[in-house]
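Here are the chains, one letter per residue:
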Amino acid sequence: MAPTSEPDDRPVVLVTGASRGIGRACAEAFAASGWAVAINSTTEEGAARAAAEIADTHGVPTLAVPGDAGDDKAVDGCYRAIFQRFKRLDALVNNAGILCDGPLGMIAPDQARRAFSVNALGTLFHIQAASRLMRRRGTGAIVNLSSIMGTRGAAGASAYAATKAAIASLTRSAALELGPHGIRVNAVAPGLIETDMLAGLKPEQLADRIATIPLARVGTAAEVADLVLFLASDRARYINGQVIGVDGGMP
Amino acid sequence: MAGVAELETCFVETFALEPGTDPRSLRFQSILEWDSVGHMQLIAAIESTFDVMLETQEVLDMSSFDKAVEILQRHGADV
C-alpha cells in the first residue's frame with residue numbers, strides 16, 4: 001500500500017475494482033477533478049500500477065489498497081490504510097464485481113456464491129466501513145455500481161442479475177439509514193458498456209443488442225464515470241437513494 | 001493521546017448519562033440509549049476521540065466499557 005505522492009486537503013475517494021474498465025474510468029475522472037484517489041483491486045500489482053499511472057497522469061495523491069471485496073478483513077485493511085494516509089474519506093465508488101453467466105440449470109454453485117460474495121457482500125462490507133469513516137465528518141457520498149440487469153432481469157445471467165438487484169436494494173436501505181448522518185447513497189445502473197465484459201459476445205449478438213438501444217450504440221466507461229462523479233459531488237447534494245440508468249434508453 | 005477520562009466522556013455524552021451513572025456498569029442494550037443506533041454513535045465518538053479506525057469485528061465486540069478499554073489498548077491507547 002505504497003503512497004505515490006503527498007496527501008493534502010483535497011477530497012478523497014476510494015474506487016473498488018479500479019484497475020480497469022468502469023472502475024478505472026471512475027478513478028481517472030475523480031483524479032482529473034483533483035480528488036485524491038485510493039485504488040482498490042484484487043491484486044497488489046493491479047492496484048499499485050493503476051495508482052502509479054493515475055498519479056503520473058493527473059498529479060494527485062493516490063494510494064493502492066489491494067484486497068478482495070468479498071473478504072471482510074481485507075476490506076477493513078483498506079480503510080485502515082486510507083485512515084492512516086488521508087484521515088478522511090469523502091466518497092466511495094463500489095464498483096468491484098465479477099460476472100456469473102449461465103442459463104438456469106447450469107449455474108455452478110461455487111461461481112454463484114463467489115458472485116454474491118464479491119458483488120453483494122463486498123458492497124455491503126465497503127458501505128459499512130466507509131460510512132464509519134465518513135460519519136466523523138458528517139458528510140460523504142457512496143455510489144454503488146448496479147446494472148440494468150439488476151433492475152430489468154437478464155436471461156442467461158440470473159445469478160449476476162440477482163447480485164446487482166441486491167446492490168440496488170442495499171443502496172435504498174443504506175440511503176435511509178445513512179442520510180441522517182449526512183451520507184448520501186446512490187447507485188448507477190449501466191446498460192451495454194464497452195468493457196472487457198462485452199468481449200464474450202459474438203458480433204451478431206452485440207449487433208442484436210445494439211439494435212434495442214434508442215441511442216444505437218454501446219456506452220463508454222467514461223460516460224458511466226461522468227454520472228458517478230456527479231453523484232459523488234456536491235452538485236448532487238439532494239439526490240439520495242436513487243438507482244439511475246446509464247443505458248442509452250434501453251427498454 | 002486520549003485516555004480513560006476521555007473514554008468515559010464518550011459514554012456519558014453519547015448516552016446522555018445522568019450524573020453519578022458509572023459507564024463501567026453499562027452493557028450493550030442494558031439501557032435504552034445503548035441500542036444499535038446508539039452503539040454506532042458511541043463508535044463514532046470513540047474513533048474520533050482516539051483517532052483510530054476499528055475493525056468491524058471490534059465494533060461488534062465492544063459490548064461494555066471494559067471491552068472498549070481492551071480494544072483501545074490493542075490500538076495503542078493509554079486507557
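Structure: see above.
Residues numbered from 1 in each chain as written. Chains lettered and ligands numbered in written order. Predicted model: local features only at pLDDT ≥ 70, side-chain atom pairs only at ≥ 80, totals over all residues. Heavy atoms only, no water.

K.L.:
Let's hear about the nonpolar core: which residues, and what values?
P.N.:
All names here are of chain A. Formed by 36 residues in total, the largest nonpolar core has its most connected members in F30, V188 and V228. At the level of secondary structure, the elements contributing two or more residues to this core comprise β1 (12-15), α1 (21-32), β2 (36-39), α2 (44-58), β4 (91-94), β5 (140-145) and α8 (221-232). No other element matches the eight residues that α8 contributes to this core. Beyond its immediate stretch of four places on either side in the chain, V188 contacts V143, N144, L145, S146, S147, V224, L227, V228, L231, I244 and V246. With 28 residues, the next largest nonpolar core counts V12, L63, A129 and I183 among its residues. (Core = buried A, V, L, I, M, F, W, Y, C linked by side-chain atoms within 4.5 Å. Buried < 20%, exposed > 50% of the residue type's maximum accessible area, 1.4 Å probe, protein only. Helix = DSSP H or I, 4+ residues; strand = E, 2+ residues; numbered from the N terminus. Contact = heavy atoms within 4.5 Å.)

K.L.:
Any details on α1(A)? Residues and values, ideally.
P.N.:
Residue and element names in this part refer to chain A. With twelve residues, α1 extends 17 Å between its outermost C-alpha atoms, agreeing within 8% with the 16 Å of an ideal straight helix rising 1.5 Å per residue. Across the twelve residues that make up α1, a large majority, nine, are buried. Inspection of α1 places I22, G23, R24, A25, C26, A27, A29, F30 and A31 among the buried residues, and these make up the whole buried set. Following α1 by one or two positions, G34 adopts a phi angle in the positive range, close to 95°. (Expected span 1.5 Å × (residues − 1).)

K.L.:
Hey, could you go over the layout of surface pockets for me, with residue numbers and the actual values?
P.N.:
Size it by volume and the largest pocket reaches roughly 1,400 Å³. Considering the residues around the largest pocket, the lining is formed by 50 residues, among which L99(A), M149(A), Y160(A), T195(A) and M197(A) are closest to the centre. Of all the secondary-structure elements, those providing two or more residues to the lining of the largest pocket are α1, α4 (109-135), α5 (148-152), α6 (158-178) and α7 (203-210) of chain A. A per-class count over the lining of the largest pocket returns 21 nonpolar, 20 polar and nine charged. Lining the second largest pocket are 23 residues, and of these Q128(A), S131(A), R135(A), E177(A) and M40(B) sit closest to its centre. Among the elements of the structure, α4 and α6 of chain A together with α2 (36-50) and α3 (56-61) of chain B are those that each provide at least two residues to the lining of the second largest pocket. Tallied by class, the residues present in the lining of the second largest pocket amount to twelve nonpolar, eight polar and three charged. (1 Å grid on protein atoms, 1.4 Å probe; cavity = no way out; pocket = protein on both sides within 12 Å on 5 of 7 lines; lining within 4 Å. Points joined across faces, edges and corners; volume = space filled by probe spheres on them. Nonpolar A, V, L, I, M, F, W, Y, C, P; charged D, E, K, R; others polar.)

K.L.:
Account for the packing of aromatic side chains, naming residues and giving values.
P.N.:
All names here are of chain B. In this structure the tally under the stated criterion is six aromatic pairs over all chains. With centroids separated by 6.1 Å and ring planes inclined at 75°, the aromatic side chains of F11 and F15 adopt a geometry described as edge-to-face. Geometrically, the ring pair formed by F11 and W34 is edge-to-face, given 5.6 Å between the ring centres and 85° between the ring planes. Remark: W34 occurs in the loop between α1 (4-14) and α2 and F11 occurs in helix α1; sequence separation between them is 23 residues. With a relative accessible area of 0%, W34 lands in the buried category. Each member of the aromatic cluster is reached from another via a ring pair, and the members are F11, F15, F28, W34 and F65. (Phe/Tyr/Trp six-rings, centres within 6.5 Å; stacked < 30°, edge-to-face > 60°.)

K.L.:
An account of the packing of helix α3 (residues 72-86) of chain A against α4(A) is needed here, citing residue identities and associated values.
P.N.:
All names here are of chain A. Taken N-terminus to C-terminus, the directions of α3 and α4 make an angle of 25°; their axes are 9 Å apart at the nearest point. Classified by the angle their axes make, α3 and α4 are roughly parallel. As for the relative orientation of α3 and α4, their crossing is right-handed in sense. Seen from α3, the contacting residues are D72, V75, D76, Y79, I82 and F83; seen from α4, they are F125, H126, A129, A130 and L133. (Axes fitted to C-alpha atoms, helices over the stretch in contact; angles between N-to-C directions. Parallel < 35°, antiparallel > 145°, perpendicular 65-115°, else oblique. Left-handed = near helix turned anticlockwise from the far one by under 90°.)

K.L.:
Account for the sheet that holds β5(A), naming residues and giving values.
P.N.:
All names here are of chain A. Taken in spatial order, the seven strands of this open sheet run β3-β2-β1-β4-β5-β6-β7, and their pairing is parallel. What marks the edges here is a single partner per strand, and that holds for β3 (62-64) and β7 (243-246). Put simply, the sheet's adjacent strands are angled 20° from each other on average, direction ignored. With three bridges connecting them, β2 and β3 associate as parallel partners. Looking at the pairing, V37 lines up with T62 of β3. On top of the sheet, α2 reaches β2 and β3; it is set at about 170° to β3, its chief contact. Relative to the sheet, α4 contacts β1, β4, β5 and β6 (183-190), its axis offset from that of β4 by approximately 180°. (Pairing = 2+ DSSP bridges.)

K.L.:
If you had to explain α8(A) to someone new, which residues and values would you point to?
P.N.:
All names here are of chain A. A rise of 1.5 Å per residue sets the reference length of α8, with its twelve residues, at 16 Å; its end C-alpha atoms lie 16 Å apart and thus fit the reference within 8%. Considered for burial, the residues of α8 that qualify are A221, V224, A225, L227, V228, L229, L231 and A232. Tucked inside the fold, the buried residues of α8 contact α1, β4, β5, β6 and β7.

K.L.:
Describe the interface of chain B and chain A, with residues and values.
P.N.:
Note: interface size is frequently given as the accessible area lost on complex formation between the parts. Taken together, the contacts link twelve residues of chain B with eleven residues of chain A. Summed over both sides, the interface between chain B and chain A buries roughly 1,200 Å², with carbon and sulfur atoms accounting for 49% of that surface. One can count four salt bridges joining chain B with chain A. A salt bridge links D51(B) to K87(A), with the shortest nitrogen-to-oxygen separation between them at 2.8 Å. The tally of links between chain B and chain A comes to seven residue pairs in polar contact (both at pLDDT 80 or more). Those elements that place two or more of their residues in the side of chain B that touches chain A are α2 and α3 of chain B. In terms of residue count, the dominant contributor to the side of chain B that touches chain A is α2(B) (five residues). Here the residues of the side of chain B that touches chain A sort into six nonpolar, three polar and three charged. (Buried area = accessible area lost by both parts, 1.4 Å probe. Salt bridge = Lys/Arg side-chain N within 4 Å of Asp/Glu carboxyl O. Polar contact = N/O pair within 3.5 Å; in protein donor to acceptor, adjacent residues only side chain to side chain.)

Such coordinate-based values are descriptive only and should not be taken to indicate function.
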